[in-house]
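# Descriptive analysis of the structure
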Amino acid sequence: MTMFFATTIFGQHVLTSDNIAVPWEVYKVFLLPDSIKKTVGDSGANAVWDFTSYNFTTDSLVAEHLLPSATGFESNFPGSDHAEKTSDGAIRYYSLSSSEYTLDGLVNDTSIIIPYSDPQIIYKFPFGFGSQNEDDFKSEFEVQGSKTYRTGNAVIKGDSYGTLKFADDTFENVLRVKQKIIFQ
């Protein structure tokens, strides 16, 4: 699945802690399921991704950033400083510092609480074109009274930057971030 996030800045796009969403920001996440068979476009510098003919109305989520205290599950994620609640009912908990952005765990759409005992490092800052971060993460949680263990590996790469075109808007200096997560 491919997701697009757009933020406008000038020059080659490089993410720092200042580019991460803060509580009360709301944005739309566009999803391109693999079944669509839509090419995501070229990699590299100064790419142009043209999605002017694609209908995103049914393949999207609304993501709202909140303070953990606004979620009802904050005691399960004591180190988190913000949360992201999506319109599908899931809530993800994050920690942000000037050097990295980590996923501390989540509450899925059926209210199963999944705290990470080893959080997933999403970005080490600065993160830009050519950057890559690989990190193992793990959690232990209960489902219907049984302990469940979840481990995974995430590879996150800034593989391209350029122009992103939609039917109603165009974004310049967009960093495309590819994410591959394998759960074991």
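Residues numbered from 1 in each chain as written. Predicted model: local features only at pLDDT ≥ 70, side-chain atom pairs only at ≥ 80, totals over all residues. Heavy atoms only, no water.

## Quick word on the pattern of salt bridges
We count it as follows: Salt bridge, as applied in this entry: a Lys or Arg side-chain nitrogen positioned within 4 Å of an Asp or Glu carboxyl oxygen. Strands are runs of DSSP state E lasting at least two residues, helices are runs of H or I lasting at least four, and both sets are numbered from the N terminus onward.
Under the counting rule described, the total for this entry stands at three salt bridges. Between Glu 140 and Lys 147 there is a salt bridge, and its shortest N-O distance comes to 3.1 Å. Put simply, Lys 178 and Asp 159 hold a salt bridge, and the shortest N to O gap is 3.7 Å. Taken as a pair, Lys 178 in strand E13 (residues 170-183) and Asp 159 in strand E12 (residues 146-166) lie far apart in primary sequence, 19 residues in all.

## With respect to the pairing of strand E8 (residues 100-107)
Going by this rule: Under the scheme applied here, a residue whose accessible area is under 20% of the maximum for its type counts as buried, over 50% as exposed, and between as partly exposed, the area being computed with a 1.4 Å probe on protein chains only. We treat two strands as partners when DSSP finds at least two bridges between them.
For E8, the buried fraction is high: seven of the eight residues fall into the buried class. Of the pairings in the sheet, the one linking strand E7 (residues 91-96) to E8 comprises six bridges and is antiparallel in character. The residue bridging Arg 92 from the neighbouring strand is Leu 106, located in E8. The antiparallel pairing of E7 with E8 creates a hairpin that spans three residues between the two strands. Taken together, E8 and the strand that follows it, strand E9 (residues 113-124), pair antiparallel across an intervening segment of five residues, in which Ser 111 is found at a positive phi of about 65 degrees.

## Remarks on the nonpolar core
Worth spelling out the cut-off: Buried residues of nine kinds, namely Ala, Val, Leu, Ile, Met, Phe, Trp, Tyr and Cys, make up a nonpolar core once their side-chain atoms join them within 4.5 Å. Only heavy atoms matter for contacts: two residues are in contact if any of them lie within 4.5 Å across the pair.
Membership of the largest hydrophobic core comes to 17 residues, with the highest contact counts inside it found for Leu 15, Tyr 101, Tyr 116, Ile 122, Tyr 123, Phe 125 and Phe 127. Breaking this core down by element, the ones donating at least two residues are E8, E9, strand E11 (132-143) and E12. Residue contributions to this core peak at four residues, all from E9. Apart from residues no more than four positions distant in its own chain, Phe 125 is found in contact with Leu 15, Thr 16, Ser 17, Ile 20, Leu 96, Ser 97, Ser 98, Ser 99, Glu 100 and Tyr 101. Counting seven residues, the second-largest nonpolar core is a separate cluster that includes Trp 49, Phe 51, Leu 164 and Phe 166.

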